[in-house]
Amino acid sequence: QKVTVEVLDHLEHLALVDFRDAEGVERLRKAIQFADQLHEVNTEGVEPMDSVLEDRCLYLREDDVTEGNCTKELLKNAKEKVEEYFVAPPGNIPLPKLEERETFLQGS
Amino acid sequence: ALKGGSRFQVSAALTEGRVAPTELCQRCLSLIKSTKFLNAYITVAEETALKQAEESEKRYRRGQPLGVLDGIPIAVKDNFNTAGIETTCASNMLKGYISPYNATVVQRLLDQGAVLLGKTNLDEFAMGSGSTDGVFGPVRNPWSYSRQYKEKSVPKSHSEDEESNWVITGGSSGGSAAAVSSFTCFAALGSDTGGSTRNPAAHCGVVGLKPTYGLISRHGLIPLVNSMDVPGILTRCVDDAAVVLGSLAGHDPKDSTTIQDNFKPFEVPNLTDVSKLSIGIPKEYHAPGLSSEILALWSKAADLFKNAGAKVIEVSLPHTRYSIVCYHVLCTAEVASNMARFDGLEYGHRSDMNKSTESMYAATRREGFNDVVRGRILSGNYFLLKQNYENYFIKAQKVRRLIANDFVKVFGSGVDILLTPTTLSDAVPYMEFIKEDNRTRSAQDDILTQAVNMAGLPAINVPTGLSERGLPLGLQFIGQSFQEKQLLTVAKWFEKQVKFPMIQLEVKRHDHSAFQHQKSASFS
């Protein structure tokens, strides 16, 4: 059983997205089962492919400023802001532990 | 079926003054209102569209149109940024988000004078194959309201039919496909990551072009899978697709994944002699679940080429069946990364939860994303865990190379173009489609289109015929990298041969007069 509550809890922390219910957890289990079919393929000596454009060189451009100065536009879509800052709630506070936070995984 | 050179028929009408851009725009806007039940549009930009049409009219009066696209009404899938217009990706996460900029492809269309009518509906964040999973509801296939479909459906009870019998558009660019199919615009932008332009094109009876990866800029296209996404083009004929391609393709300094080669826009040649052509029929595309109708159509198409003198041979793409699994892992992994930007701080939905950044992000994402999106994020994170990275993500990347190599081998053996089905069957009724979950459906429906995205190749759906139920069936041509001209040449030849029928849409006009027959695709 590789999908333990610890793993699920860890994923919720990493993704900052919750499983919500048994269906969510089952969805993951099915996804893993589906992905396991990959292991049927023999990939001995095969290099992983990052991009179909791998045979081309990524190019550089001149380090010239061509656009910007759009602070007002960019701030328009933010809900909480002060002057030219986006306002975030206090950081460095980890997500509550499994027992303490509201998650379906509690009591699993 | 439209004749004429590589320009919209209506373009001629505009140039000759037979119809004015504002009139054209009004007609389309009116038709959008009459076809509101299709739910193809999320946002209709009526005011700005009319302004654009007015500007176009001024240019035509001066005898200085910007080009073939000047004054042509178009629609854009709602995952492309459009300055000053809401861009939602059919998600609560971006409801109310007004783009501060235009995606490069949108800008290029506007620079040519195209009139942007609105943003079309899709599956949330382009995840899905039905255009049924967005927060604004599902898109209805216009063919559900066609005489061709109604004639073939077994009448149950009188009016209850239409409500329960309507079929899906396919997805995820269903809104764009429906918009083009129902004549509310002349071309629409979609996106294609696993088949999202070609699939709804097949179900809605329109041309759906997926260009080579790297040909068209993704700048401003809200990304799903960075290594596979491409903007897609939906039109009613191959010539029109070439015109739109001509205005969009080419290097964009804002997208480093666009190639720097010079792109030359072209008019699709009128091929008369196919004897030098070699068409490959990949046997693995005879997939389980392929309807006998489509199989027959595919066979007929192969014969069409053979009888016209082309070389038609069976080929093999042995890793085809792993494409979906491979996609599943790579897609969820990239999604896990791409969706991380939605945290409520700079744009989009923000939860009221204020205890800490992490809890705010978590609440925002819980409130903003639907089950499908959340599911893919979690799966993706699983495959990217240290203990899984090698066995899933890297493994999938290796399988990707095998899939891409399959195509290289086949094209290297002298085959010019591949001919395959686009979908397993004609469009299914919505009530039937929703019986299976999104992932299952996507896995089933993407099987014929997905491998093309793995390899980054160009491909096009050409509407070919009608099914027994009176619904469109399309076939897919797959070309070689950056050989769009050859691909479209063959597609146009085929289009001419099959003469796909025009939809006989029965729509009540906006002024509530009796049912009207929408005959012409051109307004000339």
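Structure: see above.
Residues numbered from 1 in each chain as written. Chains lettered and ligands numbered in written order. Predicted model: local features only at pLDDT ≥ 70, side-chain atom pairs only at ≥ 80, totals over all residues. Heavy atoms only, no water.

A.B. asks: Summarise the overall build of chain B; cite the residues concerned and give the values.
C.D. replies: Looking only at helices and strands, one finds 18 helices and 13 strands in chain B. Taking 524 residues into account, the globule formula puts the C-alpha radius of gyration at 24 Å, and chain B, at 22 Å, falls close to it. For the C-alpha atoms alone, the extent of chain B along its principal axes is close to 65 × 55 × 55 Å. In chain B, the share of contacts with a sequence separation of at least 24, taken over all contacts with a separation of at least 6, comes to 77%. For chain B, the computed accessible surface area is about 18400 Å², with 50% contributed by carbon and sulfur atoms. When the 56 basic and 53 acidic side-chain charges of chain B are each reduced to a single mean position, those positions are 3 Å apart. (Helix = DSSP H or I, 4+ residues; strand = E, 2+ residues; numbered from the N terminus. Rg over C-alpha atoms; globule rule 2.2 N^0.38 Å. Contact = heavy atoms within 4.5 Å. Areas by Shrake-Rupley, 256 points an atom, 1.4 Å probe, with all protein chains shown as cover. Lys, Arg positive; Asp, Glu negative; His and termini not counted. Charge placed at Lys NZ, Arg CZ, Asp CG, Glu CD.)

A.B. asks: Give a description of the interface of chain A and chain B that names residues and reports values.
C.D. replies: Contacts between chain A and chain B engage 54 residues on the former and 72 residues on the latter. Between the two partners, chain A and chain B, sit seven salt bridges. Of all the secondary structure elements, the ones that give two or more residues to the side of chain A that touches chain B are α1 (5-15), α2 (22-35) and α3 (71-76) of chain A. Of the residues forming the side of chain A that touches chain B, the biggest block, seven residues, is contributed by α2 of chain A. Looking at the side of chain A that touches chain B, its residues break down into 31 nonpolar, seven polar and 16 charged. (Salt bridge = Lys/Arg side-chain N within 4 Å of Asp/Glu carboxyl O. Nonpolar A, V, L, I, M, F, W, Y, C, P; charged D, E, K, R; others polar.)

A.B. asks: Mind laying out the packing of α1 of chain A against helix α13 (residues 371-384) of chain B, listing which residues take part and the relevant values?
C.D. replies: Relative to each other, α1 of chain A and α13 of chain B sit at 110 degrees, their axes nearing to 10 Å. Judged on the interaxial angle alone, α13 of chain B and α1 of chain A are roughly perpendicular. For the pair formed by α1 of chain A and α13 of chain B, the contact residues are V7, L11, L14 and A15 of chain A on the first element and I377, L378, N381 and Y382 of chain B on the second. Of the residues in the contact of α1 of chain A with α13 of chain B, the class split is seven nonpolar, one polar and no charged. (Axes fitted to C-alpha atoms, helices over the stretch in contact; angles between N-to-C directions. Parallel < 35°, antiparallel > 145°, perpendicular 65-115°, else oblique.)

A.B. asks: Could you give an account of the pattern of salt bridges, with specific residues and numbers?
C.D. replies: Under the criterion given, the structure shown has 24 salt bridges over all chains. With a closest N to O distance of 2.9 Å, K119 of chain B and D78 of chain B form a salt bridge. One end of the pair, K119 of chain B, is in strand β3 (residues 115-120); the other, D78 of chain B, is in the loop between β2 (73-77) and α4 (104-111), and 41 residues separate them in sequence. In this structure, a network of salt bridges that share partners links the residues D18, R20, E23 and R27 of chain A together with R366, D371 and R374 of chain B.

A.B. asks: Residues and numbers for the packing of aromatic side chains, please.
C.D. replies: Residue and element names in this part refer to chain B. Counted according to the given criterion, the structure contains 17 aromatic pairs over all chains. Between F305 and W493, the ring centres sit 4.9 Å apart and the planes meet at 40 degrees, which makes this aromatic pair tilted. Placement of the pair is F305 in helix α10 (residues 292-307) and W493 in helix α18 (residues 484-498), with a sequence separation of 188 residues. W493 sits in the buried class, given a relative accessible area of 8%. A cation sits over an aromatic face here: R236 above F186, 5.0 Å from the ring centre. (Phe/Tyr/Trp six-rings, centres within 6.5 Å; stacked < 30°, edge-to-face > 60°. Buried < 20%, exposed > 50% of the residue type's maximum accessible area, 1.4 Å probe, protein only. Lys NZ or Arg CZ within 6 Å of the ring centre and 35° of its normal.)

A.B. asks: Could you give an account of the layout of surface pockets, with specific residues and numbers?
C.D. replies: The volume enclosed by the largest pocket comes to roughly 760 Å³. The wall of the largest pocket is formed by 28 residues, among which L74 of chain A together with Y97, P100, Y101 and H219 of chain B lie closest to the centre. Listed by contribution, the elements that provide at least two residues to the lining of the largest pocket are α3 of chain A together with α4 of chain B. Element by element, the count of residues in the lining of the largest pocket is highest for α4 of chain B, at four residues. Here the residues of the lining of the largest pocket are counted per class, giving 12 nonpolar, eight polar and eight charged. Roughly 520 Å³ of volume is contained in the second largest pocket. Forming the walls of the second largest pocket are 33 residues, and the residues nearest its centre are V372, R376, D437, N438 and R439 of chain B. No other element matches the six residues that α2 of chain A contributes to the lining of the second largest pocket. Split by residue class, the lining of the second largest pocket holds 10 nonpolar, 14 polar and nine charged. (1 Å grid on protein atoms, 1.4 Å probe; cavity = no way out; pocket = protein on both sides within 12 Å on 5 of 7 lines; lining within 4 Å. Points joined across faces, edges and corners; volume = space filled by probe spheres on them.)

A.B. asks: So, helix α7 (residues 174-181) of chain B: which residues are in play, and what are the values?
C.D. replies: The periodicity of an α-helix, 3.6 residues per turn, causes residues three or four places apart in sequence to face the same way. All names here are of chain B. Across the eight residues that make up α7, a large majority, eight, are buried. Turning to α7, its buried residues are G174, G175, S176, A177, A178, A179, V180 and S181. Where α7 is buried, its residues contact β1 (41-44), β2, β3, β4 (187-192), α8 (198-204) and β6 (230-235). Following α7 by one or two positions, F183 adopts a phi angle in the positive range, close to 70 degrees.

A.B. asks: How would you explain the environment of I259 of chain B if you had to name every residue and give the values?
C.D. replies: Here I259 of chain B is to be found in the loop between α9 (238-248) and β7 (278-282). Spatially, the C-alpha atoms of I259 of chain B and L215 of chain B are 6.4 Å apart, while their sequence positions differ by 44 residues. Every residue in contact with I259 of chain B, bar those within four places of it in the chain, is listed here: L53 and R56 of chain A together with G214, H251 and F482 of chain B.

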